[in-house]
Amino acid sequence: MPMIILRRNGNGQTGPMDQPTVQTYLTNVLAQAGMLNRIASLTQALNQAFDGNGLQTHPYVFNGAPVLHASSGNYQRSVTLFYYENNNTLMLFAMGEHIQGAPNVTRYRITIYGQAGTAFAMNNIIAI
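Looking only at helices and strands, the chain has two helices and seven strands in total. Starting at the N terminus and ending at the C terminus, the chain contains elements arranged as β-α-α-β-β-β-β-β-β. Its C-alpha atoms give the chain a radius of gyration of 13 Å, within 12% of the compact-globule value 14 Å for 128 residues. Dimensions of the chain along its principal axes, counting C-alpha atoms only, are 40 × 35 × 25 Å. Of all 128 residues assigned to the chain, the portion counted as buried reaches 44%. Across the chain, every contact between residues at least 6 apart in sequence was considered, and the portion connecting residues at least 24 apart equals 41%. For the chain, the accessible surface area stands at approximately 6300 Å², while carbon and sulfur atoms represent 48% of it. Distance from the positive charge centre (6 side chains) to the negative charge centre (4 side chains) of the chain: 16 Å.

Here it is in structure tokens:
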């Protein structure tokens, strides 16, 4: 299943890409954010997403579709991908990281890139 990346803040999208191409693209995004120490976590999160092992991010929806997330890494070097499926294509629209949360609550902060005007805007916290 290919992946399309929706660029930050509604600034267009890529064409469909296979996993190695997405890895290269998102490595450049991490480089621009000064987060190259997160490549291993990015690789694991992409494996999870492309293997169909993303998890529901209930109650969140984006573009009318249920949001999935794939996450890897510890609190200092984690990467969380937020995406949904559309016609057998993964649609990635935000990236963040796992943060400390209250017991029984998993929390992520949108820190790498997001979509302004949505729950997935930069620095917003997603709690599930």
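There's plenty left to go through after this.
A separate point is the nonpolar core. Across soluble globular proteins, nonpolar side chains have a tendency to be buried as a group. Core analysis: the biggest nonpolar cluster contains 23 residues, and L26, L81 and M95 have the highest contact counts within it. Of all elements in the fold, only strand 1 (3-5), helix 1 (19-32), helix 2 (39-50), strand 3 (65-72), strand 4 (79-86), strand 5 (89-99) and strand 6 (107-113) reach the threshold of two or more residues within this core. In terms of residue count, the dominant contributor to this core is helix 2 (five residues). Setting aside chain neighbours within four positions, we find L81 in contact with L26, L42, A45, L46, L68, H69, A70, L92, A94 and M95. By size, the runner-up hydrophobic cluster in this structure holds 15 residues, among which are I4, F62, A65 and F82.

For the bond from H58 to P59, the omega torsion is 15°, close enough to zero to count as cis. Along the chain, P59 turns up in strand 2 (residues 55-62). In the Ramachandran plot, N87 falls in the positive-phi region, its phi being about 50° despite a non-glycine side chain.

Here the focus is the packing of aromatic side chains. Per the stated rule, a full pass over the model turns up eight aromatic pairs. Measuring from ring centre to ring centre gives 6.1 Å for F62 and Y84, while their planes differ by 40°; the resulting arrangement is tilted. Taken together, the residues F62 in strand 2 and Y84 in strand 4 connect sequence positions 22 residues apart. Taking relative accessible area as the criterion, F62 reaches 10% and is therefore assigned buried.

Conventions adopted
Residues numbered from 1 in each chain as written. Predicted model: local features only at pLDDT ≥ 70, side-chain atom pairs only at ≥ 80, totals over all residues. Heavy atoms only, no water. Helix = DSSP H or I, 4+ residues; strand = E, 2+ residues; numbered from the N terminus. Rg over C-alpha atoms; globule rule 2.2 N^0.38 Å. Buried < 20%, exposed > 50% of the residue type's maximum accessible area, 1.4 Å probe, protein only. Contact = heavy atoms within 4.5 Å. Areas by Shrake-Rupley, 256 points an atom, 1.4 Å probe, with all protein chains shown as cover. Lys, Arg positive; Asp, Glu negative; His and termini not counted. Charge placed at Lys NZ, Arg CZ, Asp CG, Glu CD. Core = buried A, V, L, I, M, F, W, Y, C linked by side-chain atoms within 4.5 Å. Phe/Tyr/Trp six-rings, centres within 6.5 Å; stacked < 30°, edge-to-face > 60°.

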